[in-house]
Each structure stands twice: as C-alpha cells, then as structure tokens.
Amino acid sequence: MLKPSDSLVPSAPDGPDDARTGLTADAIKKGIRDNLFYALGRFPAVATRNDAYLALAYTVRDRLLRRWVDTLHTYYRKQSRTVAYLSAEFLLGPHLGNNLVNLGVMAAAREATRALDLDLDALLEQEEEPGLGNGGLGRLAACYLDSLATLQIPTLGYGIRYEFGIFDQAIRDGAQVEITDKWLRLGNPWEIPRPEIAYDVGFGGRSLSGTDERGRYRVRWVPGRLIKGIAYDTPILGFEVRTTNILRLWKAEAHESFDLDAFNTGDYWGAVNDKVASENLTKVLYPRDEDLAGKRLRLEQQYFFVSCSLQDMVRLQLQTNPTLDGFARKFAVQLNDTHPSIAVAELMRLLVDVHGFEWDTAWDVTRQTFGYTNHTLLPEALECWPLPLFASVLPRHLEIIFEINQRFLAEVAARWPGDDDRLRRMSLIDETGERFVRMAHLAVVGSHAVNGVAKMHSELLGKSVLRDFHEMWPDRFSNKTNGVTPRRFVVLANQRLAQLVTTTLGDGRWARELDRLRALEKHATDAGFRQAFRQVKLANKQDFARVIAERTGVRVDPSSLFDVQIKRIHEYKRQHLNVLHVIALWRRMHENVGKTAPRTVLFAGKAAPGYRMAKLIIRLINGVAEVVNADTRTRDRLRVAFVPAYNVKLAQQMIPAADLSEQISTAGMEASGTGNMKLSMNGALTIGTLDGANVEIRQEVGAENFFLFGLPVAEVQRLKAEGYRPAAFVERDEELAEVLELVASGTFSRGDRELFRPLVDELCAHDPYLVLADFRDYVDRQADVGKAFLDADRWTKMAILNVARMGYFSSDRAIAEYCKDIWNVAPVPIGG
Ligand code: 26Q
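About the criteria used
Residues numbered from 1 in each chain as written. Predicted model: local features only at pLDDT ≥ 70, side-chain atom pairs only at ≥ 80, totals over all residues. Heavy atoms only, no water. Helix = DSSP H or I, 4+ residues; strand = E, 2+ residues; numbered from the N terminus. Rg over C-alpha atoms; globule rule 2.2 N^0.38 Å. Buried < 20%, exposed > 50% of the residue type's maximum accessible area, 1.4 Å probe, protein only. Contact = heavy atoms within 4.5 Å. Areas by Shrake-Rupley, 256 points an atom, 1.4 Å probe, with all protein chains shown as cover. Lys, Arg positive; Asp, Glu negative; His and termini not counted. Charge placed at Lys NZ, Arg CZ, Asp CG, Glu CD. Pairing = 2+ DSSP bridges. Polar contact = N/O pair within 3.5 Å; in protein donor to acceptor, adjacent residues only side chain to side chain. Salt bridge = Lys/Arg side-chain N within 4 Å of Asp/Glu carboxyl O. Expected span 1.5 Å × (residues − 1). Phe/Tyr/Trp six-rings, centres within 6.5 Å; stacked < 30°, edge-to-face > 60°. Near = heavy atom within 4 Å. Nonpolar A, V, L, I, M, F, W, Y, C, P; charged D, E, K, R; others polar. Core = buried A, V, L, I, M, F, W, Y, C linked by side-chain atoms within 4.5 Å. Axes fitted to C-alpha atoms, helices over the stretch in contact; angles between N-to-C directions. Parallel < 35°, antiparallel > 145°, perpendicular 65-115°, else oblique. 1 Å grid on protein atoms, 1.4 Å probe; cavity = no way out; pocket = protein on both sides within 12 Å on 5 of 7 lines; lining within 4 Å. Points joined across faces, edges and corners; volume = space filled by probe spheres on them.

1. A closer look at the overall build of the chain
Point 1. Counting secondary structure elements, the chain contains 33 helices and 24 strands.
Point 2. Against the compact-globule benchmark of 28 Å for 832 residues, the chain has a radius of gyration of 28 Å, which places it among compact chains.
Point 3. Expressed as lengths along the three principal axes of its C-alpha atoms, the size of the chain is roughly 90 × 75 × 55 Å.
Point 4. The buried share of the chain, reckoned over its 832 residues, is 60%.
Point 5. Sequence-distant contacts, at least 24 apart, represent 77% of the contacts inside the chain between residues at least 6 apart.
Point 6. Total accessible area on the chain is roughly 32,800 Å²; 51% of this is exposed by carbon and sulfur atoms.
Point 7. Computed over 105 positive and 108 negative side-chain charges, the inter-centroid distance for the chain is 3 Å.

2. Some details on the sheet that holds strand 24 (residues 707-708)
Point 1. One open sheet holds the six strands; their spatial order is 21-20-19-22-23-24, and the pairing between them is parallel. Taken across any chain shown, the strands that pair with only one partner, and hence form the sheet edges, are strand 21 (638-642) and strand 24.

3. Here's the deal with the environment of Asp777
Point 1. Along the chain, Asp777 turns up in helix 31 (residues 771-790).
Point 2. On the basis of relative accessible area, Asp777 is assigned to the partly exposed category, the value being 28%.
Point 3. Between the alpha carbons of Asp777 and Phe709 there is a distance of 5.7 Å; along the sequence they are 68 residues apart.
Point 4. Not counting residues up to four positions away in its chain, the partners in contact with Asp777 are Phe709 and Gly710.
Point 5. A polar atom in the side chain of Asp777 sits 2.8 Å from the side chain of Arg781.

4. A word on the pattern of salt bridges
Point 1. Using the criterion set out here, one finds 62 salt bridges in the structure.
Point 2. For Arg725, the salt bridge identified is with Glu731, shortest N-O distance 3.4 Å.
Point 3. Residue class for Arg725 comes out partly exposed when judged on its relative accessible area of 47%.
Point 4. Overlapping salt bridges, with partners in common, bring together Asp419, Asp421, Arg422, Arg424, Arg425, Asp468 and Glu471 in one network.

5. Comments concerning helix 22 (residues 575-590)
For an α-helix the count is 3.6 residues per turn, leaving residues at separations of three or four pointing the same way.
Point 1. The first and last C-alpha atoms of helix 22 sit 23 Å apart over 16 residues, in line with the 22 Å expected at 1.5 Å per residue.
Point 2. Across the 16 residues of helix 22, 14 count as buried, placing the element largely inside the fold.
Point 3. Residue Asn592 follows helix 22 closely and has a positive phi angle near 50°.

6. Regarding the packing of aromatic side chains
Here the distance between the centres and the angle between the planes together describe a pair of aromatic rings.
Point 1. The final tally for this structure, using the stated rule, is 19 aromatic pairs.
Point 2. Relative to Trp823, the ring of Tyr818 lies with its centre 5.0 Å away and its plane at 25°, an arrangement referred to as stacked. Residue Tyr818 shares its accessibility class with Trp823, and that shared class is buried.
Point 3. These aromatic residues form a ring-pair network of at least three members: Tyr85, Tyr144, Tyr818 and Trp823.

7. Remarks on the sheet that holds strand 15 (residues 429-430)
Point 1. Within the open sheet, the three strands sit side by side as 14-16-15. Their pairing is antiparallel. In the strand order of this sheet, the two ends are held by strand 14 (384-386) and strand 15, each with one partner.
Point 2. Sheet topology note: the strand 14/strand 16 (residues 436-438) ladder contains three bridges and is antiparallel. Note that in strand 16 the partner of Pro386 across the bridge is Phe436.

8. Digging into the site of the ligand
Point 1. Residues in close proximity to the ligand total 21 residues, the closest being Leu137, His375, Asn482, Glu670 and Gly673.
Point 2. At 3.4 Å, a side-chain N or O of Arg288 approaches an oxygen atom of the ligand.
Point 3. With three residues, helix 6 (residues 136-150) is the single largest residue contributor to the shell around the ligand.
Point 4. In the shell around the ligand, the residues fall into eight nonpolar, eight polar and five charged.

9. Details of the nonpolar core
Point 1. Grouped together as the largest cluster of nonpolar side chains are 262 residues, with contacts concentrated most on Leu86, Phe304, Phe390, Ile404, Leu772 and Trp823.
Point 2. Setting aside residues up to four positions removed in sequence, Leu772 forms contacts with Leu580, Tyr724, Pro726, Phe729, Val730, Leu736, Leu740, Leu763, Cys764 and Asp767.

10. Focus on unusual backbone geometry
Point 1. You will see that Arg574, though not glycine, has its phi angle at about 60°, which is positive.
Point 2. Along the polypeptide, Arg574 turns up in the loop between strand 19 (561-566) and helix 22.
Point 3. One non-glycine residue, Arg750, lies in the positive phi region at around 50°.
Point 4. Residue placement: Arg750 occurs in the loop between helix 29 (734-744) and helix 30 (757-765).
Point 5. For Arg750, a relative accessible area of 72% gives the class exposed.

11. Quick look at the pairing of strand 10 (residues 225-237)
Point 1. In terms of burial, strand 10 is largely enclosed, as 11 of its 13 residues are buried.
Point 2. Two elements, strand 7 (residues 192-203) and strand 10, share nine bridges in a ladder whose sense is antiparallel. Within the sheet, the bridge partner assigned to Arg194 lies in strand 10 and is Ala231.
Point 3. Both strand 10 and strand 11 (residues 244-254) contribute to a ladder of 11 bridges, which runs antiparallel. Counterpart to Thr234 in the pairing with strand 11 is Leu247.
Point 4. A loop of six residues connects strand 10 with strand 11, the two strands running antiparallel in sequence, and Glu240 in this loop sits at a positive phi of about 55°.

12. Regarding the environment of Phe239
Point 1. By the secondary structure assignment, Phe239 is in the loop between strand 10 and strand 11.
Point 2. For the pair formed by Phe239 and Ala511, sequence separation is 272 residues and the distance between their alpha carbons is 8.8 Å.
Point 3. Excluding residues within four positions of it along the chain, Phe239 makes contact with Val101, Asn102, Thr150, Arg487, Ala511 and Arg512.

13. Side note on the environment of Leu118
Point 1. As for its position among the elements, Leu118 is in the loop between helix 4 (106-115) and helix 5 (120-126).
Point 2. Among the residues examined, Leu118 registers a relative accessible area of 26% and is labelled partly exposed.
Point 3. Spatially, the C-alpha atom of Leu118 lies 9.5 Å from that of Tyr53, the residues being 65 residues apart in sequence.
Point 4. Those residues within four positions of Leu118 in sequence are excluded, and the remaining contacts are Ile32, Ala52, Thr113 and Leu123.

14. Points about the pairing of strand 22 (residues 660-663)
Point 1. Of the two faces of strand 22, the one carrying Leu660 and Glu662 and the one carrying Ser661 and Gln663 are both buried.
Point 2. The sheet contact formed by strand 19 and strand 22 spans two bridges and is parallel. Bridged to Asp563 within strand 22 is Leu660.

15. Remarks on the packing of helix 31 against helix 32 (residues 792-804)
Point 1. It is the contact of helix 31 with helix 32, at a shortest axis distance of 5 Å, that shows an interaxial angle of 105°. In this view, helix 31 runs roughly perpendicular relative to helix 32, as classed from their interaxial angle. From helix 31, Val785, Ala788, Phe789 and Leu790 reach across to helix 32, where they touch Ala792, Arg794 and Trp795.
Point 2. Here the contact of helix 31 with helix 32 is built from residues that sort into six nonpolar, no polar and one charged.

16. Section: the side chain of Gln782
Point 1. Within the element layout of this structure, Gln782 appears in helix 31.
Point 2. The class of Gln782 is buried, set by a relative accessible area of 1%.
Point 3. Once residues lying within four places of it in the same chain are set aside, the contact partners of Gln782 are Asp563, His581, Arg599, Leu660, Glu662 and Ile687.

17. A few points about empty space enclosed by the protein
Point 1. For the structure shown, the criterion picks out seven cavities of 30 Å³ or more.
Point 2. Estimates place the volume of the largest cavity at around 160 Å³.
Point 3. Along its surface, the largest cavity is lined by 13 residues, and Leu92, His95, Asn98, Ile236 and Arg488 are the ones closest to its centre.
Point 4. Secondary-structure elements contributing two or more residues to the lining of the largest cavity are helix 3 (96-103), helix 6 and strand 10.
Point 5. Residues belonging to the lining of the largest cavity are distributed by class as follows: six nonpolar, four polar and three charged.

Following this line, the structure appears as structure tokens:
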C-alpha cells in the first residue's frame, strides 16, 4: 500500500514531445507507434484498421488520464462539492473525435496520422458508438456532462453499462428489422474497469424489525438475493480546460456467495445458472415506448444502478468525514426523469436502517440532496409500478414509501382539510384500480427542486400532471430550458462552418461562449460572407449525398432543398404528417401547381420494436420513397429517403447538411426537443409548431426566420374538448382526401390495400395527434418554404440569422442555470 506521502502521480510530463502527454503532431505519432506495440502487441505490417483506431484512441486516452488524475487529486484535496447526475441513459456518441476537439489536437492528430499513412477520417469512422440511450433524454445527459466538465464543475455521472445498447436498425422490404447492438465486440478503449469499486445490491426477501442495543426501534432488510455491481469509468474531458470528470457505469455480476453455494451444496450447475441470471441485469437497454407491463428486470436495473451509485457516494463521503450529516452539502444529486427516482427511498434506507439516522433528520438530508427533472407531459409515459411487483423486488423500499406517503398526506390533509379527492390525486400510491407506485410523485416529494425542460413544458407541468404539487410548493418548481453542446454538434460535426465562423469572428471563443455568435448578424448582409456560408452548406450536402447513396442506393441532388426529420418515430412527432405532405407535393408536381424548389425529403429514426403504428409509418415512408424516386416525371424535383440506423454518429453527418428542420409535433406533446436546437445552430430553418423549445427558438431567431404552422396548445385542447372529428377535415379538403385515398388505394404498397389500412383508419376515425387538423396549414407553410428556397440570398440571410441567434441554446447556459439555481456549486479549476 502506498503511503499518503508517496507521490501518487507520475512525474511531470516530460515535455511537448513526450509519447504519453505531448500534444504536438510528433508526440502523437510516437504515441500511436508506442501504443500499437505496447498496448496492442501489433506491428504496422499486420495492423488492421481497428488496430490503428485503437492505437490512436489509447494515445488520446493517455493524455486524458494525465488530466484525470490531476482533477481527482484536486477534488480530493479541496473536498469539493460535487454534482452527481443519475441517469439510466447516456447517449454519448463516438469519443475519439470529441476528445480530439476538447484536447485541441485535431490538426496535430491529422498530421500525425498522415505521417503514418493512416486516414484520420477512416479511423474516426471505425469507432462504434456506445448507444446507451434511446434518444433525447440520454443525449441531453451526454451534452450536460460535456458542459459540466467545460465549466469545471466537479461531477460524477452515474448510469448503467448495458452490454447491448439501443438496437441497431436495418430496413428489409421497407420495414424495420432490429439487430442487437454488440458495441463492445472490438473492445472499448475509453473505459477503465474498477473491479475493486464494487457493491452488493439486494433484491426481494423481507424486512425484520426489533430494538437495537440502545432500545431504539430499528428495521433491517434481509434480501433474498444479492448481486454485485462493478464500476467501469470513462473520462469526460472539458473543452480547452484540464478538468476531466468521471462517468461511472455499473455492470452486474454474480455475488461471491454463489461460488460458496456450489461448494457447499455440490450444485455446481445451479450456481452457474444463478451467475448467468445475475449478469442478465445489465444486459440490455429497454427501448422507450415498449409495453412495460410486468417488466421486473427494468425495475431491477433502476434500483441496481441507483443503489450502487448511492453506496459509492456514501463511501466517498465517509472517506473524509466521520458521519453522513453533511451528505447534502457534499453531493447535489440530480434525477434525470423518474428512472432513478427510487433513490429517494434508497437514501432513506441507507440513512435510517444502515446508518442509524432519525427519520426526520434523514428526510431533511434526502430532500436537500435531490433535484428532479421531468421530461414528459404524456400521462401514459409517467412511470408507475404495480404494487405486487414492487413488493416482491423491493419490500423494504415499499415500506419506506408508505411511511413517506403517510407523513406527506398528513401534510396535505392539514393544508386542505376534508379534500379527499386531492389526497387520492397526490398520493404516492395510485389506488384507483389495481394499485401502483407513482414514481413521479415520489421524485417530487423527495426533492427540493423540480424542473421542466422548456419554458412551455414547465408551465404546462404546473398546470397539468404536477398541478397539485405546484399549488402546494410553488417555490420548488422552475424551468431549465434544455441546451446542446456546440463542441460536438458544431465544432466537430460541422468543421467547415466552425472554420468560417472562427475566421469571421477573429477567434474561436464562440465555442465556449456561444452568445458571441451574435456578431455574425452583421455579416448576413455581406454578399461575400453569404457566398461562403452557402459553400459550406453545399459541401456538407455533397458529403451527405454520398452517405445516402451508400446506405440507401438513392441518388440525390445536393443543390435541392434538404428537408430533414430526424428523431424517434412516434405518432406525436407526426412523421406521417410529413409523409402526407410529400404525397401532396408529388401530386402537385404532376399537375405543375405552383413554383417550388426541388426537394430531397430525408427521414431517420428508430421505432420501438413493439410499437406497431410507428413501424407502419416507417413502412409508409419507404413505400412513398419507392414510388416517388422511380417516377421519371418528378424525379428531378423530388426524392425521398429513409436513412437507416439513426444514431449520434449519423446525426453528426446529417445535421450539417440540413436546409429545413422538421419540428412538427402536436402542440403540447414534445417536452422540449433538442434536435431542433442542433439543426438551427447549423443553419437549417425550422418548420414547426408552437411546441416545446420551438417556442423559444422562434422567439430568439425572430418570427420572420421561422416557418410556423399548426394549432397552438389552447386550440388543441379546445378542439379535443369539443369532440374532434377528423373526418370533417377530410370532407372540407379535397387535396387531403385525395392524398389519403392514394395511401388507401395501395399506390405505395404495390397495390396492397390492406397494408396501410390501420394507419388510414386510425387517422380518419380517431387521429389523437390532430394530423388531419393541422394538414392544411402545414402544406401551405411548406409551399412558403419551397418558394423561399428559390430566393437563395434571402434563404441564406435567414439561415445565418438562425446560427447567429442560437447562443441561448448552448448546454453551457443550461448547466450554468442548474449550478446556480439548483445545485449551488462553483467551478474548481484544475491547474497544470
Ligand atoms: C421508461 C420505462 C421503461 C423503459 C423505457 C423508459 C423510457 C426510456 C426513455 C422512457 C422515456 C425515455 C426517454 C424519454 C425522452 O427522451 N424524452 C425526451 O427528453 C428530451 C430531453 O429533455 C426532450 O427534449 C424531449 O422532448 C423528450 O421527449
């Protein structure tokens, strides 16, 4: 064991050319050679592309580790207050490019690889991304880690190391096919296993009560089964700073007792079976929108990672403190949606049952510790667990939740005497039929701060799903409009635009102070700048046209309007509204109605494997693409492609190539959206509804630079309350009727009239997301778009103003607000 007086860190870096720490092209070249040999045991003549990628990755990692150790040492010395971001998902995207950007060595790495006859772009392409998330929520967590490191905030990200991330998507005969995501197959150079950082997590069993040696009533949980959680750490480097935080993901393994069991009972195969069962816990990420009924494993995953993370925080706190009294001063724990909200009960259990706290003291600590971010208004998306399931997985936690509930409801009753209906609505237990634990209520009651993710979303939260809680504790609620990291989504993904902006503004400070983009406004009237801006967009479109051809076989014209909708496939996001417009546009082109720009309509996104309607929408997009792309009368003016396997990597190629950003959800349904921000920041204009962050984007970029359509929330609510009849809209609109008839008639299904019947029937009979009600306004606005694009100068001006005015949507701004209003944390700079 090293004595504290021993130096724990290697000697200072040897100089700019050192193979492990130097940042020059020469040092990086040495590092690649070194790592190929010493980390991989390879020599150049037989090295594969993956070997070369790994050698470069290890070279970058060496530089990260230097900064990481300095960072952790500083936090340890200063006992820094720390943010713990708990999230069941982190959708990180490939690490290599991002780390090159944040280290400031992209150019040096290019030079070094060239000198070794390697193609940097091919190596970047080689990395398989960790798809440890479904979409927006997981990607937001990743953007926030980037900003936390960049703002030099001590942070621990905690989550699950899924062996299989979000499924991979292939398209066969126009339909989605799911493929397991074996992201770890070729090794993961970015993670460091920490087998010594491991915790036992209990499940099932029962709770025992009695009195302790001091005569106090105590409860102890005796689990029926134990699983071990092992830490895997990934360094998260900030942009142009030395701060390198930790993302700590937990992997499930069998508890050692199984080895003993085999020995004691002679049941070797039984023990092996238990081992396999334990490791199943972190096997696979659950897709969003899957039917969750009785998904015991999902609840177990949530508790597993939460328990490991809280035990880890307790260990860290007790390293330097005799008690846990100061826990809430050491850690600000943020709950990313309700997925980790069992943390409220688990911290209570750790404090009361294990560390002997009085209930009231423990409750104060718990409430001061947690903040909760809500990401949805859809009532069907709020997490509830059936009581019997909950009781069998977490019997002691259920008791604790009952106790929290009893005390909480007493408070409600004191404030609103006799209001039984209110008690029923606010209870942590839904007792309207079969009983459920309401995780959102647990999160609100157990936190000192609750926030929504866009202005409109936060306002609606207080008026709808959390109304009673907002009335009781208005000060607990706030808004934190989402943001995205300009490092990954501009500096890295759109290197041409970044170069142009840096040259125009004179330096690169905009990448960490995004409001500086404002200074581009005055260049919008400069014809030379507009020309350069158009060149950038065109080159990006040419690059992406090649990707489309490779992945779909569809040839597209880079000078056409690239109309892009990229997000999970969901009825509320209304990809089918977009498709109906494509069909209308195609018909109009046949009849030569109106002057409009040639278009390429691009879709990408995954449908939950069990979500039938979403899968049918994918089928329809591909059916329309097949017919439209083959039509010799229109193929010079209209192309459609569904680009398979949407992920962060593909987003980085697609976003810089977009002219038009489709943000067309039914008003009131999209909590925020973040793709809307990324696209506008890269010079796409938005066609969108007054939903989520679209409202704020429109306000920032100016109404004249945004194509608005659709019913606002109040109208949506009114129409529904009055009894919405979609057929009425078909009767009134000949074009809509004909478009629907084309779908129903089998035009896009090779004559099969059955295939799309469920979709057409649903639209005509129910249409819960008001596709038909918004159709007319959407098609009219799309006509404005088509006309506007023909005036290249005007379009470019609008696009430039979009980029110039997106500073507010940097995740740095969002994180600064969380730090000040919720976490009360300050930067801790790392010297060196
Ligand atoms: C829950 C239980 C069981 C299995 C899966 C899930 C699950 C998983 C993921 C439920 C929801 C999600 C993801 C939600 C999500 O991505 N929400 C989006 O969050 C973004 C960031 O705040 C917002 O911009 C989007 O508007 C919101 O839809």
